[in-house]
Amino acid sequence: MALLTSLLRRRDIWKRIAVERLPEPLHLNIASLFVAVFGSTRSKAAFDVLVRQQHAFGLLDAADEARQRGLQRVTVVELGVGSGTGLLNICDLAERVTRATGVAFDVVGFDTGAGLPPPADHRDHPELYKEGWYPLERDALERALPANARVVYGDLRDTIDDFVRGLSPAAPLGFATLDVDYYSSSQHALRLFLGEPACYLPSLYVYVDDVHERTHSRFAGELLAIDEFNAEHDLRKLDADRGLMYHRVFKHAEWLQHMFKLHVFDHPERSSIEKPAEIVAVDNPYL
């Protein structure tokens, strides 16, 4: 009840209701109320009635992809933990998705633990983010984390490569969120996606948080780092999922514009050019 009261006091939630939900068809909004009370985890994710819809969608997609491949675990990473609210939300939703799908999650957050470092130059958006912002209460967060979650503390330039070398095909990376604010930090964060190809799902969703403010652009911040990552790597590409809205019940949700996909073109499933064992044919109804 306390959490619900806190959520109802937030202006951003009321703004999203007004801007994202009210323009949607009335019958869908009515149906979402029913789903919110009686629906399963999967239906609640479909109707965007779970807190942080992007996490619910990404986790469920990762679990479904893993289950199709006979995998029992997947890894989820949050790059930039801040206060820890998002990481704990991922943990809560991961537990729900595990109950719904049988796929378990290893949840890992990355953060300095001391808030943002000094911005390097204009590409770090100093007009939006300041040194020392978003520190976390380390002891309190550690106590709140479940057994399947942990935080790696330190500068990403020093921590990310060891983690990537420790990824396993038995629990491949299946979903990630990029929320490090700065261009300079994003450069190091994106090295998360440069491990052995079998240690990733063939494609996986990446929620890119910092793309929606007035001064965000492709020439600074996370979007610039993504453009440079794509230019530097032929077989790993991050691309916005432009078709996602057509597969969603509610198509005006802002989070849809933040969803990218990592394409692992050198993954074994996506790089084999061997002759197939059988031919797929489509019937022609005019013949």
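The preceding data block contains the structure.
Quick caveat, the model's predicted, so the values are computed rather than measured.

Participant: Describe the layout of surface pockets, and please don't skip the residues or the numbers.
Facilitator: Rolling a probe over the atoms, with the probe sized like a water molecule, indicates the empty space that remains. Computed from the structure, the second largest pocket encloses a volume of approximately 170 Å³. Every residue along the wall of the second largest pocket is listed here: Val 211, Arg 218, Leu 223, Ile 226, Asp 227, Asn 230, Leu 238, Asp 239, Ala 240, Arg 242, Gln 257 and Phe 260. Those elements that place two or more of their residues in the lining of the second largest pocket are α10 (221-232) and β6 (236-240). Element by element, the count of residues in the lining of the second largest pocket is highest for α10, at four residues. Looking at the lining of the second largest pocket residue by residue, the class counts come to six nonpolar, two polar and four charged.

Participant: Describe the packing of aromatic side chains, listing the residues and the values that go with them.
Facilitator: Under the defined criterion, the tally for this structure stands at seven aromatic pairs. Ring centres 4.9 Å apart and planes at 40° place the aromatic pair Phe 34 and Phe 38 in the tilted group. Pair noted here: Phe 34 and Phe 38 are both in helix α3 (residues 26-38), with a separation of four residues, about one helical turn. Judged on exposure class, the residue Phe 34 and its partner Phe 38 are both exposed. Among the aromatic side chains, those forming a connected cluster through ring pairs are Phe 57, Tyr 205 and Trp 255. The side chain of Arg 138 reaches across the aromatic face of Tyr 153, ending 3.7 Å from its centre.

Participant: Lay out the packing of helix α5 (residues 53-68) against helix α6 (residues 85-101) with the relevant residues and their values.
Facilitator: At a minimum axis separation of 9 Å, α5 and α6 run at an interaxial angle of 40°. The angle between α5 and α6 places the two elements in the oblique class. Here α5 and α6 pass one another in a crossing that is right-handed. Only Gly 86, Asn 89, Ile 90, Leu 93, Ala 94, Val 97, Ala 100 and Thr 101 of α6 make contact with α5, whose side of the interface consists of His 55, Ala 56, Leu 59, Leu 60, Ala 63, Asp 64 and Arg 67.

Participant: Hey, could you go over the environment of Ala 140 for me, with residue numbers and the actual values?
Facilitator: Residue position: Ala 140 is located in helix α7 (residues 138-144). Taking the C-alpha atoms as reference, Ala 140 lies 30 Å from Glu 213; in sequence the two are 73 residues apart.

Participant: Outline unusual backbone geometry, listing residues and values.
Facilitator: Non-glycine residue Arg 52 carries a positive phi angle of around 60°. Among the structural elements, Arg 52 can be located in the loop between α4 (41-46) and α5.

Participant: Give me the pairing of strand β3 (residues 149-153): which residues, what numbers.
Facilitator: With respect to burial, β3 is a largely interior element, four of its five residues being buried. Note: strand β2 (residues 104-111) against β3, five bridges, orientation parallel. Opposite Gly 109, over in β3, you have Val 151 as the bridge partner. Crossover β2 to β3 through α7 is right-handed.

Participant: I'd like a rundown of the sheet that holds strand β5 (residues 200-208), residues and numbers included.
Facilitator: An order of β3-β2-β1-β4-β5-β7-β6 is seen for the seven strands of this open sheet, with the pairing classed as mixed. Both edges of this open sheet fall to β3 and β6, since each of them pairs with a single strand only. Neighbouring strand axes in the sheet, compared pairwise and without regard to direction, differ in orientation by 20° on average. Sitting on the sheet, α5 touches β1 (73-79), β2, β4 (173-178), β5 and β7 (259-264), and the angle it makes with β4 is about 160°. Along the sheet, helix α8 (residues 156-165) contacts β1, β2, β3 and β5; its crossing angle with β2, the most-contacted strand, is approximately 160°.

Participant: Could you give an account of the side chain of Glu 24, with specific residues and numbers?
Facilitator: Tracing the sequence through the fold places Glu 24 in the loop between α2 (11-21) and α3. Polar side-chain contacts of Glu 24 include one of 2.8 Å to the backbone nitrogen of Lys 251. Look past the residues within four positions of Glu 24 in its chain and what remains in contact with it is Asn 29, Val 249, Phe 250, Lys 251 and His 252.

Calculation criteria
Residues numbered from 1 in each chain as written. Predicted model: local features only at pLDDT ≥ 70, side-chain atom pairs only at ≥ 80, totals over all residues. Heavy atoms only, no water. 1 Å grid on protein atoms, 1.4 Å probe; cavity = no way out; pocket = protein on both sides within 12 Å on 5 of 7 lines; lining within 4 Å. Points joined across faces, edges and corners; volume = space filled by probe spheres on them. Helix = DSSP H or I, 4+ residues; strand = E, 2+ residues; numbered from the N terminus. Nonpolar A, V, L, I, M, F, W, Y, C, P; charged D, E, K, R; others polar. Phe/Tyr/Trp six-rings, centres within 6.5 Å; stacked < 30°, edge-to-face > 60°. Buried < 20%, exposed > 50% of the residue type's maximum accessible area, 1.4 Å probe, protein only. Lys NZ or Arg CZ within 6 Å of the ring centre and 35° of its normal. Axes fitted to C-alpha atoms, helices over the stretch in contact; angles between N-to-C directions. Parallel < 35°, antiparallel > 145°, perpendicular 65-115°, else oblique. Left-handed = near helix turned anticlockwise from the far one by under 90°. Contact = heavy atoms within 4.5 Å. Pairing = 2+ DSSP bridges. Right-handed = clockwise from strand over helix to strand, strands pointing away. Polar contact = N/O pair within 3.5 Å; in protein donor to acceptor, adjacent residues only side chain to side chain.

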